[in-house]
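# Per-entry structural report
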Amino acid sequence: MSPALTYRDTVAVLDLGAVENRFSPEFLAAVNAHLDTVLADGATGLITTASGKFYSNGLDLEWLGAHGERAPWYVEQVQGLLARVLTLPVPSVAALPGHAFGAGAMLALAHDQRVMRADRGYFCFPEVDIRVPFTPALAALVQAKLSAEAITAAVLTGRRFGGAEAHEYGLVDATAAAGTEVEIATALLAPLGAKDQGTLGSIKSVFYAGAYTALTA
Amino acid sequence: MSPALTYRDTVAVLDLGAVENRFSPEFLAAVNAHLDTVLADGATGLITTASGKFYSNGLDLEWLGAHGERAPWYVEQVQGLLARVLTLPVPSVAALPGHAFGAGAMLALAHDQRVMRADRGYFCFPEVDIRVPFTPALAALVQAKLSAEAITAAVLTGRRFGGAEAHEYGLVDATAAAGTEVEIATALLAPLGAKDQGTLGSIKSVFYAGAYTALTA
Amino acid sequence: MSPALTYRDTVAVLDLGAVENRFSPEFLAAVNAHLDTVLADGATGLITTASGKFYSNGLDLEWLGAHGERAPWYVEQVQGLLARVLTLPVPSVAALPGHAFGAGAMLALAHDQRVMRADRGYFCFPEVDIRVPFTPALAALVQAKLSAEAITAAVLTGRRFGGAEAHEYGLVDATAAAGTEVEIATALLAPLGAKDQGTLGSIKSVFYAGAYTALTA
């Protein structure tokens, strides 16, 4: 299943898929095309979610293993999407129905806010245990969103956080009962009203300038 | 009414005024002159407050509308005052008896600590809703004082925070019952004792070097 | 008493000493030699602690007073140790049985986590009261680990924090009943398992690049 875009009134809901929703080149292209639509439509908010037990497991290591020579291009594509979501000129919420691992967790962090199902799934940076280093750009993204305490607890340990613990450390902003992630995300967006894309995009670009520049270098 | 300086024992109390206390050129000059006095007097602390329902509504948009050609000079004056308060070589507390909006909220943030009346007024960054961008310097000031979570909650949304909510997000450090803002601020300063101006100014300058440099560039 | 290294299973426990454990040149050399051993041994974690009522009182002002001409060399040695602990390629916990002042508090901050005895000792940055400025490098270390609120509360005030208050402000991650500091620290390390030194060292180096570079400049 490919990422699919629907609307709840004027809020765009992007379902990343029903499987692991790893960042294959096709996945990245489909998400970018949907973001083009969201901006062109003048959506008042974006919710990304998923329909299975994974929000996203991050990098498509299988594809990467088969296309090692394209690794630099691939990293550029992934970091480009993270930079785009980080500075997206509409309010954004990631609604996690389950696991968010590695680059999948970073995609969630790139949103303005995160809601996580309380009873299923882990928020996890497994890099330290699977021997994958962080690029300075990915570290800058994480540091733009998390406290030093959360970084120590999550990034340096590889620990898996369930919803309640993820909330306690500020990895997510709210938890949700099973099946209500998108509802809770919608409730977070409702009071914000419609924002001017130019102004909100400019403000995010200024506040996240360091991470954006690193991600798009 | 112009800003007026009085003392509570050795603590200077600067009343910004009884109206909206916007940053007109005269207001900025008066505040700077009072800060000169505070430093020359060897005050052991500074409390800024106000006598009406506004701490400050920030930029003087009326003056700015009438003097568009002086906008660069005006921004330099405003940012200069914020930089000065940020690195003021005496302990400082903003005691908010009511609204702090936009640059008024930033002036409060530039102090070491903030106390806000619990039952009246809002702490708010309205920029995203009134289509005003942040300069990198103002963003640096906000980032020097607030968590990423607070920035998302306040700056990206334009949301109005009452005292209790402002406290919950760390926008202010304490709340106060009506009319007790200055008392609470005084109680925060009392245990600090007298600090050496040279040392405290140096420490603030080192810790806030990024924001200070941006504000005074 | 010199710093002494023992093991609890595969976790290295470095006892800094039974007195004030100030950073004399001999102390710094002994700690560095023990860290060499810890890394060579493939320890799965490092706990630093002390056997008296001080974790460490920081700089050896007496030695420094007698060797003023070597102050630049001495600062380089101290900052070098802090940089090394900050990016140590094994999980690290400082277990404080008592006072951590000034550079002693900074050594504790350089660890991944901190446990402090609840009923004895203070965590304190006395610099503002004893008229000692911060170098930009030491400020960068503190800022890499503490929130803006904690910096204001601790660094700008010189306030002494007992264990519970230190925990409340995030200066330490946990408190411990008397004599259980190392046990609690061990319990924090146990779930982490063994980390690959290359990966963990790389991740810490990327996340703390700013402070590391400043400390080793």
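Report on the accompanying structure. Just so it is clear, the model here is predicted, and its values are computed rather than measured.

Conventions used here
Residues numbered from 1 in each chain as written. Chains lettered and ligands numbered in written order. Predicted model: local features only at pLDDT ≥ 70, side-chain atom pairs only at ≥ 80, totals over all residues. Heavy atoms only, no water. Helix = DSSP H or I, 4+ residues; strand = E, 2+ residues; numbered from the N terminus. Buried < 20%, exposed > 50% of the residue type's maximum accessible area, 1.4 Å probe, protein only. Contact = heavy atoms within 4.5 Å. Areas by Shrake-Rupley, 256 points an atom, 1.4 Å probe, with all protein chains shown as cover. Lys, Arg positive; Asp, Glu negative; His and termini not counted. Charge placed at Lys NZ, Arg CZ, Asp CG, Glu CD. Pairing = 2+ DSSP bridges. Axes fitted to C-alpha atoms, helices over the stretch in contact; angles between N-to-C directions. Least-squares fit on C-alpha atoms with pLDDT ≥ 70 in both. Polar contact = N/O pair within 3.5 Å; in protein donor to acceptor, adjacent residues only side chain to side chain.

## Observations regarding the overall build of chain A
Along the backbone of chain A there are 11 helices and 10 strands. Taking the principal axes of the C-alpha coordinates as reference, chain A spans close to 45 × 35 × 35 Å. Expressed as a percentage of its 217 residues, the buried residues of chain A come to 56%. Intrachain contacts of chain A at a sequence separation of at least 6 include 73% that bridge at least 24 residues. Accessible surface, chain A as shown: approximately 8,100 Å² in total, 55% of it carbon and sulfur. Side-chain charges of chain A comprise 14 positive and 21 negative groups, with the mean position of each set lying 3 Å from the other.

## Let's talk about the sheet that holds strand β4 (residues 54-56) of chain A
Residue and element names in this part refer to chain A. Taking strand neighbours across the sheet as the criterion, the 4 strands line up as β4-β6-β8-β9 in an open arrangement whose pairing is mixed. Looking at strand neighbours, the two that pair on one side only are β4 and β9 (160-161), the edges of this open sheet. Note: strand β6 (residues 99-101) against strand β8 (residues 123-124), 2 bridges, orientation parallel. Paired with Phe101 across the two strands is Cys124, which belongs to β8. Strands in contact with helix α4 (residues 103-110) are β4, β6 and β8; relative to β6, the strand with the most contacts, it is inclined by about 100°.

## Observations regarding α4 of chain A
The element α4 of chain A is largely enclosed, with a buried count of 8 among its 8 residues. Every buried residue belonging to α4 of chain A is among Ala103, Gly104, Ala105, Met106, Leu107, Ala108, Leu109 and Ala110 of chain A, and all of these are buried.

## Observations regarding the relation of the copies chain C and chain B
Superposition of chain C onto chain B requires a rotation of 120° combined with a translation of 0.0 Å along the rotation axis, giving an RMSD of 0.0 Å. Here the symmetry operator amounts to a three-fold rotation axis. It is Ser147 of chain C whose C-alpha, among those of chain C, lies nearest the rotation axis, at 4.2 Å.

## Some details on the environment of Glu181 of chain C
Residue and element names in this part refer to chain C. Along the chain, the position of Glu181 falls in helix α9 (residues 181-189). When its relative accessible area of 6% is taken as the criterion, Glu181 is described as buried. Between the C-alpha atoms of Glu181 and Leu192, which are 11 residues apart in sequence, the distance is 18 Å. In this structure Glu181 touches Ala95, Leu96, Pro97, Val115, Arg117 and Ala176, once residues within four positions along its chain are discounted. A polar atom in the side chain of Glu181 sits 3.1 Å from the backbone nitrogen of Gly179.

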